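One-letter residues, chain by chain:
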Amino acid sequence: MAEELSSGYIPGDVEPGWYNRWIDADCFRGNEEGTGEPYSIVIPPPNVTGILHLGHVLNNTIQDILARRARMEGKEVLWLPGTDHAGIATQSKVEQQLRKEEKLSRHDLGRDAFLERVWEWKEKHGGIIINQLKRLGCSCDWSRERFTMDEDYSEWISKIFVDLFEEGLIYRGKRMVNWCPKSLTALSDEEVIMKPQRSKLYYMRYRIAGEEDRWVEIATTRPETLMGDSAIAVNPKDERYADLIGKSAIRPFPEKEIPVIADEHIDPEFGTGVLKVTPAHDKADFEIGQKNDLEIIDVFNPDGTLNELAGPEFAGMERFEARKKAAEKLEEMGQLVKVEDYENNVGFSERADVPIEPRISMQWFLRYPCQKEAAEAVANDEIRFRPERWKKTFAFWMDGIQDWCISRQLWWGHQIPVWYRKDMAEELKNRESLDLKDAGANIHVGVNPPADPENWVRDEDVLDTWFSSWLWPFATMRSSQEESTQTLAKFYPTADLVTGPDIIFFWVARMIMAGYRWQGELPFKNVFFTSIIRDRKGRKLSKSLGNSPDPLDLIDQFGADGVRFGLMRIAPTGTDVRYDEDQIVEGRNFANKLWNAARYRQMQGPITDRQLPVADLSIYAIDILAKLQKLESNLANAYEDYRFNELTQLLYDFWWSEYCDWYLESTKGDFSDTASEAQRQATLTTMDVVLERFLMLLHPVMPHLTEELWEKMGFGDGETFLMLTAVPEESVLASVPDEQVTAAQEQVAKIYEAVGRARNLKAEYGLGAKKDVRFILDPSDAAFAESEVFLTLARGAELDLQPGFEAEKGVPAALTAIGKLFLPLDGLIDVDAERDRLQKELTKTEAEVKKVNAKLANENFVSRAPEAVITETKERQKHWQDRAAELEQMIANLG
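Residues numbered from 1 in each chain as written. Predicted model: local features only at pLDDT ≥ 70, side-chain atom pairs only at ≥ 80, totals over all residues. Heavy atoms only, no water.

Asks: Help me out: how do you make sense of the overall build of the chain in this one?
Replies: The helix and strand tally for the chain stands at 28 helices and 30 strands. Residues counted as buried form 54% of the 895 residues belonging to the chain. Considering only intrachain contacts with a sequence separation of at least 6, the fraction spanning at least 24 residues in the chain is 79%. Of the roughly 40,700 Å² of accessible surface on the chain, 47% is carried by carbon and sulfur atoms. (Helix = DSSP H or I, 4+ residues; strand = E, 2+ residues; numbered from the N terminus. Buried < 20%, exposed > 50% of the residue type's maximum accessible area, 1.4 Å probe, protein only. Contact = heavy atoms within 4.5 Å. Areas by Shrake-Rupley, 256 points an atom, 1.4 Å probe, with all protein chains shown as cover.)

Okay, here's the thing in structure tokens:
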């Protein structure tokens, strides 16, 4: 043995040291010049503003498991890390700091000075989540860490913009977008969070033009936008309003006649069935306006205040104040009918946490390249989605794909590589549309600025953050000037992507299209979608609910390996994770169980030969080695299907149950004074073989603990890290004949089954903890010779072998695989007291049987109750009936 283990496992004393040793030895580096089969995976880049949460722990633990296993398979592994510049999130952080500490806005500083502040903030705070990932044990190649604002990565962004513009796929125009009135930028759908709100539904009436006293009622949640109404619309099949189509209604203020139009998408059941159409302030209204050539009246300023088009009494007013004011004015005019409470979902800016505005804005858009290739790659399983059901979601989005709004009104990010000649800048920036045909002497689109930059003005917008991250799999491996690199040639396309299904459109689909457009092939072969982590009540984890634990606190308390193992056990494929801290405790307990079992092995002393002595192996040794071999096969299948919770459970069950609870207990006699040295050495060698191989299998999930035990137990060659040690292909039972293995397993299974029956017999009569019980066995095989192990496992004092034994009436018995087993109760219990106890329980049980029988005999209950309730009631009936029969037999056994 290399070094004695301490009395208890303390993760804080082990984990940091091993991580530093791996780093110092360059264990994580992907060798592009290596001859092994490549395996690569790119980390979904966390926001540079981010801190570790349980979703990160789940995602990155899975990636680390895949990377570590691949290394132990002898592959050349590259797990490429990095962070995303997170445009709006990072800019918001710095702006908040400026306001709080210096009472300044970014406009007070100016663009260049503000960006200097952002870079300073990034250098100070941007590495927090990377250091947290290291604490988790992530084996990324940190020498290749990338950032989406790196100089060469930024060149990539400009290059692809230019490529796509020159292909006619990028254009500028006015479209309806999600607008944040606080951050003053367009937002992607992913940056909009829908929140349930308790709103008001305002019923108001518009007069029909040309008719003396005819009105139509309209229901809306946003009376503050009525000043931008261009029409009212009804469903053409709604007979209530059929005669109004083609007429006009009078908008209350600013007063104006607006047409009544028909649109089949109007829901006659919502409100009154009449819709006020405000094309500038609602996406559905915008589409109706486009179809009917309606006037677009934008009554909002970018910051959410109302402008002069809303009328002088509303100009400059905040939008929610304007809502109250509009309702008051309608009431004064006698045109507010009623106001009702109304629950609806409202989109909020994820970062600014204010309601967004649908807004028509001048933005840059992209028509996606390589849509067909991306759709077919997933449909044909060239790229495998796991779980597979996400293929349908992907296909649905690809079928209805819309042009991508790629511009953002921010300063932090990749500035759009478009310059306007100074004397034409204002005209060009305000032009309704702009695309390839407009490029020329007055517009420069390029990776580099014009040769005479003093005569040009650059477009102020930056690109959507997703526009940089969709290049992540390949742009991290080469610069935009290089045709290829050794890294790209070796490790692209990547093998796996682990990500959340919530960004299947925003990131996964776009990466696939980018891969085909710039590399001519798919970017990855498998996509594993992680689950959403919820609490035991089914709620998403969040700081506001107080149900989201800090992973670093968990690591401090239970160790990184305990957190990893515990979380993976409750992460089923394809369904949400129900977080339970008790399972993290179980991860810590499992680490302790392994540590203590290894320490117990050390206490038994050294072995003389590491080769398994086949002739001296007990049936229990052969059985545990066969189960270890089966474990390897089952783990391989679980890895193949990305069933990470199953593989963790397999590891848990083998070690805790098969090895510790059964095998180790069965070996107690091998270390007694009466055991032979050959028997003792065979058991020690078996323990070493199992522990050594098990540490290899467990390492991807619990890397620090296994590496520590590997070294302390003196396994391996004494020089190579466990993480770089290949799991042997040879079976642990290669030298044992198959028929010997089969015979041993059959015999052990019979003994273990009989032990289980013996334990149940003891438990039934309250003797579970007593070790001085005597069993009698009428053996089915007269040559039965495993009495010592049986008694050790069953916790008994004597096993009396009596072929053909006939017990007196009342002696509890059980038929087992090794014969009929009896448990004489003489002197062990007070028979009269036990009979009374059982009779009382039987009386209660019969009452339950009577109650459930009456329920199922009630036709009213049976005809009305849901099927699930009927099934559950029948199951209860069977349970109580079985228990009553069991109690009757136990009473009879007492005589």
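Asks: When you look at the pattern of salt bridges in this model, what are you seeing that I'm missing?
Replies: One side chain can pair with another of opposite charge once the charged atoms of both are near each other. Tallied over the entire structure, the rule returns 65 salt bridges. Among the salt bridges present, the one from Asp 535 reaches Arg 539, with a minimum N-O distance of 2.8 Å. Salt-bridge contacts for Asp 882 lead to Lys 878; the nearest nitrogen and oxygen are separated by 2.8 Å. Taken together, the positions of Asp 882 and Lys 878, both in helix H28 (residues 867-893) and four residues apart, correspond to about one turn of that helix. Residue classification places Asp 882 among the partly exposed positions, given a relative accessible area of 41%. It is possible to trace a salt-bridge network through shared partners that takes in Arg 222, Glu 224, Arg 319, Arg 323 and Glu 357. (Salt bridge = Lys/Arg side-chain N within 4 Å of Asp/Glu carboxyl O.)

Asks: I'm lost on the sheet that holds strand E28 (residues 798-801) in this one. Help?
Replies: Pairing between the strands of a sheet comes from backbone hydrogen bonds, and it takes one of two forms, parallel or antiparallel. On the basis of which strands lie adjacent, the open sheet formed by four strands has the order E28-E27-E30-E29 and mixed pairing. Both edges of this open sheet fall to E28 and strand E29 (813-816), since each of them pairs with a single strand only. Going across the sheet, the axis of each strand differs from the next one's by a mean of 25 degrees, ignoring polarity. Pairing geometry for strand E27 (residues 774-779) and strand E30 (residues 819-822), over four bridges, is antiparallel. (Pairing = 2+ DSSP bridges. Axes fitted to C-alpha atoms, helices over the stretch in contact; angles between N-to-C directions.)

Asks: Looking at this structure, I do not really get H28. What am I missing?
Replies: Since the α-helix turns once every 3.6 residues, residues separated by three or four places project in the same direction. For H28, with 27 residues, the first-to-last C-alpha span of 39 Å sits near the 39 Å given by 1.5 Å per residue. Taken as a whole, H28 has its buried residues at Ile 870, Thr 873, Ala 884, Leu 887, Met 890, Ile 891 and Asn 893. Summarising the contacts, the buried residues of H28 are in contact with helix H24 (738-764), helix H26 (831-857) and helix H27 (859-864). (Expected span 1.5 Å × (residues − 1).)

Asks: I'm lost on the environment of Arg 214 in this one. Help?
Replies: Within the secondary structure layout, Arg 214 lies in the loop between strand E7 (192-208) and strand E8 (215-220). The class for Arg 214 is partly exposed, based on a relative accessible area of 25%. As for Arg 214 and Ala 249, which are separated by 35 residues in sequence, their C-alpha atoms are 9.7 Å apart. If near-sequence neighbours (up to four positions away) are discounted, Arg 214 is found in contact with Tyr 206, Arg 207, Ile 208, Arg 240, Asp 243, Leu 244 and Lys 247.

Asks: Sorry if this is basic, but what is going on with unusual backbone geometry here?
Replies: A negative phi angle is the norm for most residues apart from glycine, just as the trans form is the norm for most peptide bonds. Cis geometry is adopted by the peptide bond preceding Pro 387, which originates at Arg 386 and carries an omega value of -5 degrees. Note on placement: Pro 387 falls in the loop between strand E15 (384-386) and helix H11 (390-399). Its identity is not glycine, yet Tyr 642 carries a phi of approximately 60 degrees, on the positive side. Take Tyr 642: it is sitting in the loop between helix H20 (619-640) and helix H21 (644-666). Among the residues examined, Tyr 642 registers a relative accessible area of 8% and is labelled buried.

Asks: Honestly, the sheet that holds strand E21 (residues 456-458) in this entry has me stumped. Any pointers?
Replies: Sheet architecture is open: three strands sit in the order E20-E18-E21, paired in antiparallel fashion. Two strands bound the open sheet, and with one partner strand each, they are strand E20 (443-445) and E21. Across the sheet, the mean angle from the axis of one strand to that of its neighbour is 25 degrees, orientation sign disregarded. Inspection of the sheet shows strand E18 (residues 418-421) paired to E21 by three bridges, in the antiparallel sense. Counterpart to Trp 419 in the pairing with E21 is Arg 458.

Asks: Just checking my understanding: could you explain the state of the cysteines for this structure?
Replies: In protein chemistry, a disulfide is the covalent bond that joins the sulfur atoms of two cysteines. Overall, the coordinates contain zero disulfides when judged by the stated rule. Free of any disulfide, Cys 140 has its nearest neighbouring cysteine sulfur in Cys 138, separated by 5.3 Å. Residue Cys 140 is classed as buried on the basis of its relative accessible area of 0%. (Disulfide = S-S within 2.5 Å.)

Asks: Before we go on, may I ask you to explain the packing of H21 against H24 in this structure?
Replies: Pairs of packed helices are described in terms of their axes, by the angle between the two and the distance that separates them. Orientation of H21 relative to H24, taken along the N-to-C sense of each, is 105 degrees, at an axis distance of 13 Å. Here H21 lies roughly perpendicular to H24, going by the angle between them. Residues Trp 662, Tyr 663 and Ser 666 of H21 pack against Tyr 752, Val 755 and Arg 759 of H24. (Parallel < 35°, antiparallel > 145°, perpendicular 65-115°, else oblique.)

Asks: How should I be thinking about the nonpolar core in this particular structure?
Replies: Buried together is how nonpolar side chains tend to be arranged in soluble globular proteins. Counting residues in hydrophobic clusters, the biggest one holds 141 residues, and the most contacted among them are Trp 655, Tyr 659, Phe 775 and Phe 790. Residue contributions to this core peak at twelve residues, all from H20. By size, the runner-up hydrophobic cluster in this structure holds 66 residues, among which are Leu 78, Ile 160, Trp 397 and Leu 463. (Core = buried A, V, L, I, M, F, W, Y, C linked by side-chain atoms within 4.5 Å.)

Asks: It is not clear to me how H26 should be interpreted in this structure. Could you clarify?
Replies: For H26, built from 27 residues, the straight-helix expectation of 39 Å at 1.5 Å per residue is met to within 8% by its first-to-last C-alpha distance of 38 Å. Among all positions in H26, only Glu 834, Leu 838, Leu 842, Thr 845, Val 849, Val 852 and Leu 856 are buried.

Asks: In this structure, what is going on with the packing of helix H18 (residues 560-569) against helix H23 (residues 703-712)? I would like to understand it.
Replies: At a minimum axis distance of 7 Å, the contact between H18 and H23 shows a crossing angle of 125 degrees. The orientation of H18 relative to H23 falls into the category oblique. Contacts between H18 and H23 involve Ala 560, Asp 561 and Arg 564 from the former and Pro 703, His 704 and Leu 705 from the latter. Of the residues contributing to the contact of H18 with H23, the split by class is three nonpolar, one polar and two charged. (Nonpolar A, V, L, I, M, F, W, Y, C, P; charged D, E, K, R; others polar.)

Asks: Honestly, the pairing of E8 in this entry has me stumped. Any pointers?
Replies: The two faces of a sheet get side chains in turn, since along a regular strand they alternate between them. Sheet topology note: the E7/E8 ladder contains six bridges and is antiparallel. Each bridged residue has a counterpart across the sheet, and for Tyr 206 the counterpart in E8 is Val 216. Hairpin remark: E7 followed by E8, antiparallel, with six residues in the connecting loop; positive phi at Gly 210, about 85 degrees.

Asks: Honestly, the side chain of Ser 468 in this entry has me stumped. Any pointers?
Replies: For Ser 468, the location among the structural elements is in helix H13 (residues 465-469). Residue Ser 468 is classed as buried on the basis of its relative accessible area of 1%.

Asks: It is not clear to me how the packing of aromatic side chains should be interpreted in this structure. Could you clarify?
Replies: Inspection of every chain in the model, using the stated rule, returns 47 aromatic pairs. Plain terms: the ring middles of Trp 119 and Phe 147 are 5.9 Å apart, the flat faces sit at 80 degrees to each other, and that makes the pair edge-to-face. Linking Trp 119 in helix H5 (residues 111-125) with Phe 147 in strand E4 (residues 146-147), this pair joins segments that are 28 residues apart in sequence. An angle of 20 degrees between the planes, with centres 5.7 Å apart, marks the rings of Tyr 171 and Phe 365 as stacked. In this pair, Tyr 171 sits in strand E5 (residues 170-180) while Phe 365 sits in strand E14 (residues 357-366), placing the two residues 194 residues apart along the sequence. Residue classification places Tyr 171 among the buried positions, given a relative accessible area of 8%. Accessibility expressed as a relative area gives 5% for Phe 365, which makes it buried. Among the aromatic residues, those joined into a ring-pair cluster are Tyr 368, Trp 397, Trp 404, Trp 466, Phe 467, Trp 470, Phe 505, Phe 506 and Trp 518. Arg 175 extends its terminal NZ or CZ atom over the ring of Phe 365, reaching a point 5.7 Å from the ring centre. (Phe/Tyr/Trp six-rings, centres within 6.5 Å; stacked < 30°, edge-to-face > 60°. Lys NZ or Arg CZ within 6 Å of the ring centre and 35° of its normal.)

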